[in-house]
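Here is what each chain is made of, one letter per residue.
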Amino acid sequence: MNTEKNVKQAFDLAAERYAALNVDVNSALEKLQQISLSLHCWQADDVTGFENPDGSLSGGIQVTGNYPGKARNIDELRADVLKANSFIPGTHRLNLHEIYGDFGGKKVDRDEVEPAHFQSWMEWGKENNMKLDFNSTSFSHPKSGNLTLANPDKSIRDFWIEHTKRCRAVSEAMGVYQDDPCMMNLWIHDGSKEVPASRIQYRQLLKDSLDEIFATDYKHMKDCIEAKLFGIGLESYTVGSYDFYLGYGAKNNKIVTLDTGHFHLTESIADKISSMLLFTPEIMLHVSRPIRWDSDHVVILSDDLLDLSREIIRCKALDRVHIGLDYFDATINRIGAYVIGCRATQKAFLQALLEPSATLQQYEAEDKLFERLALQEELKSLPWNAVWDMFCLKNDVPVGEDYIGEIEKYEAQVTSKR
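Residues numbered from 1 in each chain as written. Predicted model: local features only at pLDDT ≥ 70, side-chain atom pairs only at ≥ 80, totals over all residues. Heavy atoms only, no water.

Draft legend 1. Quick peek at the pattern of salt bridges. Inspection of every chain in the model, using the stated rule, returns 25 salt bridges. The closest approach of N and O atoms between Glu51 and Arg110, which form a salt bridge, is 2.7 Å. Of the two residues, Glu51 sits in the loop between β1 (37-40) and α3 (74-85) while Arg110 sits in the loop between β2 (93-97) and α4 (119-127), which places them 59 residues apart along the sequence. Across the pair, Arg110 and Glu51 agree in class, each one buried. Between Lys254 and Asp223 there is a salt bridge; the shortest N-O distance is 3.0 Å. Of the two residues, Lys254 sits in the loop between α7 (242-252) and β8 (255-259) while Asp223 sits in strand β6 (residues 221-226), which places them 31 residues apart along the sequence. For the residue pair Lys254 and Asp223, the accessibility class agrees, reading buried in each case. (Salt bridge = Lys/Arg side-chain N within 4 Å of Asp/Glu carboxyl O. Helix = DSSP H or I, 4+ residues; strand = E, 2+ residues; numbered from the N terminus. Buried < 20%, exposed > 50% of the residue type's maximum accessible area, 1.4 Å probe, protein only.)

Right under this line is the structure:
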């Protein structure tokens, strides 16, 4: 057990150690407190949603595992999200896909969705101090196929254009209600199993669709456009590639979403941050963990995540980078998956905030490259974990591994009985 006395003693020693490097741990904690993660609702129910609860996924994505106890309805999903949130220090948001509307048991097609279908979510968010973000949903629908907004069939393309327009209207309503911009993410799976005869025709269609979708200006939501490397069954060609969306975002002043699972595994997502900040207004992150492919493993405290967090802090870009999570693991306790990934992300940003940036930059300016590398290595073993424990203590959430037993208790009392 982690006692309050032990946590405070360890923190005081850590504060002294960091102070020797001119790092103010209390300042780092204050900044970490202001970082709100956008929790992804789809971890709680394996991306099922409430449109057609018995439906299976399509559109180049899939969830593996059948661990018992997943949320089966809107009440169970909300309860699970709140339980997970109770183990995560700080104040956070909830990211909803369109298929998670409160449809009241009625069939509402994607081109019919309205803000009213999310009114109860807005009220729930305000009651629980969780602001909302939103996503259009182009997959797992009879009209999805391999192409949606880039479909040469005008009737299908128009269906998805109308859907996305309505999702922007929902996002605007959310932003007005919560008095804070709703981040509206647009991701489509459009692509081809083999290389098409003409790549450009589909990208021209996608561009035209986006132009029509974004024709209406809103003041209380922010548009984000997300690329993909490939989808299952669509491996050779993705219409909405990173190059496409980066070009569109830079030209049209749109936020480009970086999903850390949507790139070649050897690509550095961290390296993209400084370039994008120069040419796009803001950045949306979907933090995931790819293994071999976009497998959406639970986020852990990896070198890639640390590198990404450090780059954002070094760019002084916390006010321009929005941090959401995007993974779905159905092989383990789903609430535990939430907590592991969120806390790992926060730990990465804490370590970045504890970096003695001024000293490192001075070494670099003076061409003291040995000193720079040496200090970077020594930082890895500094007592950042004692600062993390204090952050948890101050936020009245379990310190260290103490949350494991609490999640097991919730499983025994609630989710195992579903």
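Draft legend 2. Structural view of the sheet that holds β2. One closed barrel accounts for 8 strands, arranged β1-β2-β3-β4-β6-β8-β9-β12; its pairing is parallel. Each neighbouring strand pair of the sheet contributes to a mean axis angle of 30°, computed without reference to strand direction. Note that β6 and β8 share 3 bridges and pair parallel. In the strand pairing of β8, Ile225 is matched with Val256. Together, β1, β9 (283-287) and β12 (321-325) form the strand contacts of helix α10 (residues 334-353), whose direction differs from that of β1 by roughly 160°. (Pairing = 2+ DSSP bridges. Axes fitted to C-alpha atoms, helices over the stretch in contact; angles between N-to-C directions. Contact = heavy atoms within 4.5 Å.)

Draft legend 3. View of the environment of Pro356. As for its placement among the helices and strands, Pro356 is situated in the loop between α10 and α11 (357-365). Taking the relative accessible area as the measure of exposure, Pro356 reaches 5% and is therefore buried. Put simply, Pro356 and Pro281 are 75 residues apart on the chain and 27 Å apart in space, counted from C-alpha to C-alpha. Filtering out sequence-adjacent residues up to four positions away, Pro356 remains in contact with Leu21, Val23, Leu375 and Leu379.

Draft legend 4. A look at the nonpolar core. Leu94, Leu96, Trp121 and Leu285 are the most contacted members of the largest nonpolar core, which has 122 residues in total. Top element by residues in this core is α10. It accounts for 11 residues. Setting aside anything within four residues of it in sequence, one finds Leu285 in contact with Leu258, Ile273, Leu308, Ile312, Val321, His322, Ile323 and Gly324. (Core = buried A, V, L, I, M, F, W, Y, C linked by side-chain atoms within 4.5 Å.)

Draft legend 5. Here's a closer look at the pairing of β1. In β1, alternate side chains face the same way, and those of Leu37 and Leu39 on one face and Ser38 and His40 on the other are all buried. When β1 meets β12, the two strands line up parallel, connected through 2 bridges. Within β12, the position partnered with Leu37 by the bridge is Ile323. Summarising the sheet, β1 and β2 pair through 3 bridges and their orientation is parallel. Counted as the bridge partner of Leu39 is Leu94 from β2.

Draft legend 6. Structural context of the UniProt feature "binding site: Mn(2+)" (unreviewed entry) in the protein. According to UniProt, the feature "binding site: Mn(2+)" (unreviewed entry) maps to His262, Asp294 and Asp296 in the numbering used here. Sequence-wise these annotated residues cover 35 residues; spatially they are packed, their C-alpha atoms never more than 9.7 Å apart. Mapped onto the fold, Asp294 is located in strand β11 (residues 293-297). Setting aside chain neighbours within four positions, we find Asp294 in contact with Lys228, Asp259, Gly261 and His262. Only 2.5 Å separates the side chain of Asp294 from the side chain of Lys228, close enough to count as a polar contact. Along the polypeptide, Asp296 turns up in strand β11. Asp296 has contacts with Ser288, Arg289, Asp326, Tyr327 and Phe328, leaving out every residue within four places of it along the chain. Separated by 3.0 Å, the side chains of Asp296 and Ser288 make a polar contact. (UniProt positions renumbered as here; feature names shortened; annotations may be inferred. Polar contact = N/O pair within 3.5 Å; in protein donor to acceptor, adjacent residues only side chain to side chain.)

Draft legend 7. Just the environment of Gln204, in detail. Structurally, Gln204 is set in helix α6 (residues 199-213). Along the sequence, Gln204 and Ala20 sit 184 residues apart, while their C-alpha atoms lie 57 Å from each other.

Draft legend 8. A look at the environment of Arg372. Note on placement: Arg372 falls in helix α12 (residues 369-379). Placed 37 residues apart in sequence, Arg372 and Lys409 show a C-alpha to C-alpha distance of 47 Å. Apart from the residues lying within four places of it in its own chain, the contact partners of Arg372 are Leu360, Tyr363 and Glu364. A polar atom in the side chain of Arg372 sits 2.8 Å from the side chain of Glu364.

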